[in-house]
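Each chain is listed here by its residues.
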Amino acid sequence: GASEKGGYLAAPLNFRLRAAELQPVLANLDPHALFVQSQYVEVVHELRANLSGTLMVAMDGDPAPGWASMEGLIAGGKDVEPDNEVKPDDIAYLISTSGTTGTPRAAMLTHRGQWMDAVALALEMRLTPIDRHLATMPIYHVGGRAIVLAHNLRGCTVHLHDGFDPAASVVGPEGRFHDVEN
């Protein structure tokens, strides 16, 4: 949401990749900022030498020395609409390809294209604002992102799920997803 509205290019990364696999992807992207969850900090530390000039942002937990915190960025922000015009054919996302023939490349996806995908999916799935979506596909993938955007478009509840563990999760009698309490 924030990157799209602000006119920034979002380039979600495959969290399953090792540092050596991420290095050429990041070299190609040349990011200005990298938003990192605490469980991936060690992987990013391995890449730090190749990311000089990149703002490192800790999404959760205590930021490493020289890093910003997400909380700090939000606290320092302004509660106003961005003062820029995002055009339909501007690039919204750089989504890495699978890399089956070498290093993944960044596919450029426009705002218009993503909007049209979301509209088509929302219509085809007959989504209404009372629908809920358990997002099990990763949103660094074009398919996972498109389905989440379709649900966002219709005002649905979206639960981002970072992995499936059948021993830790059940669907209750009312059809809702619940974590099992130990």
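What comes next concerns the included structure.

So, how was this worked out
Residues numbered from 1 in each chain as written. Predicted model: local features only at pLDDT ≥ 70, side-chain atom pairs only at ≥ 80, totals over all residues. Heavy atoms only, no water. Helix = DSSP H or I, 4+ residues; strand = E, 2+ residues; numbered from the N terminus. Buried < 20%, exposed > 50% of the residue type's maximum accessible area, 1.4 Å probe, protein only. Axes fitted to C-alpha atoms, helices over the stretch in contact; angles between N-to-C directions. Parallel < 35°, antiparallel > 145°, perpendicular 65-115°, else oblique. Contact = heavy atoms within 4.5 Å. Nonpolar A, V, L, I, M, F, W, Y, C, P; charged D, E, K, R; others polar. Patch = residues over 30% accessible without salt bridge, like charges linked within 9 Å, V, L, I, M, F, W, Y side chains within 5 Å. Areas by Shrake-Rupley, 256 points an atom, 1.4 Å probe, with all protein chains shown as cover. Salt bridge = Lys/Arg side-chain N within 4 Å of Asp/Glu carboxyl O. Phe/Tyr/Trp six-rings, centres within 6.5 Å; stacked < 30°, edge-to-face > 60°.

## What to know about unusual backbone geometry
Even without being a glycine, Asp-30 presents a positive backbone phi close to 50°. Summarising the element assignment, Asp-30 is placed in the loop between helix 2 (19–29) and strand 1 (33–36). Classification of Asp-30 as exposed rests on a relative accessible area of 56%. In this model, Arg-126 sits at a positive phi of 55°, which is unusual for a non-glycine residue. As for its position among the elements, Arg-126 is in the loop between helix 5 (111–124) and strand 6 (132–135).

## Focus: the environment of His-161
Its location among the elements puts His-161 in the loop between strand 7 (157–160) and strand 8 (169–171). Residues His-161 and Ala-135, 26 residues apart in the sequence, show an inter-C-alpha distance of 5.7 Å.

## So, the packing of helix 5 against helix 6 (residues 142–153)
Interaxial distance between helix 5 and helix 6 falls to 8 Å at its minimum, and their mutual angle equals 75°. In terms of orientation, helix 5 lies roughly perpendicular with respect to helix 6. Residue-level contacts link Gln-114, Trp-115, Ala-118, Val-119, Leu-121 and Ala-122 of helix 5 to Ala-146, Ile-147, Leu-149, Ala-150 and Leu-153 of helix 6. Residue classes in the contact of helix 5 with helix 6 are distributed as 10 nonpolar, one polar and no charged.

## Overview of a nonpolar patch on the surface
Nonpolar side chains collect at one region of the surface, where Phe-35, Leu-55, Met-59 and Leu-73 lie side by side and expose about 340 Å² of accessible area between them. On the basis of relative accessible area, Leu-55 is assigned to the partly exposed category, the value being 38%.

## Brief notes about the packing of aromatic side chains
This model, assessed by the stated rule, comprises two aromatic pairs. With a centroid separation of 6.0 Å and an interplanar angle of 45°, the aromatic rings of Phe-15 and Tyr-40 are classed as tilted. With a gap of 25 residues between them, Phe-15 in the loop between helix 1 (2–6) and helix 2 and Tyr-40 in the loop between strand 1 and helix 3 (41–47) connect regions that are remote in the sequence. Tyr-40 gets classed as partly exposed once you look at its relative accessible area, which sits at 24%. On the numbers, 5.6 Å between centres and 80° between planes, the contact of Phe-15 with Tyr-140 is edge-to-face. Of this pair, Phe-15 sits in the loop between helix 1 and helix 2 while Tyr-140 sits in the loop between strand 6 and helix 6, and the two are 125 residues apart along the sequence. Within the aromatic cluster, the residues linked to one another by ring pairs are Phe-15, Tyr-40 and Tyr-140.

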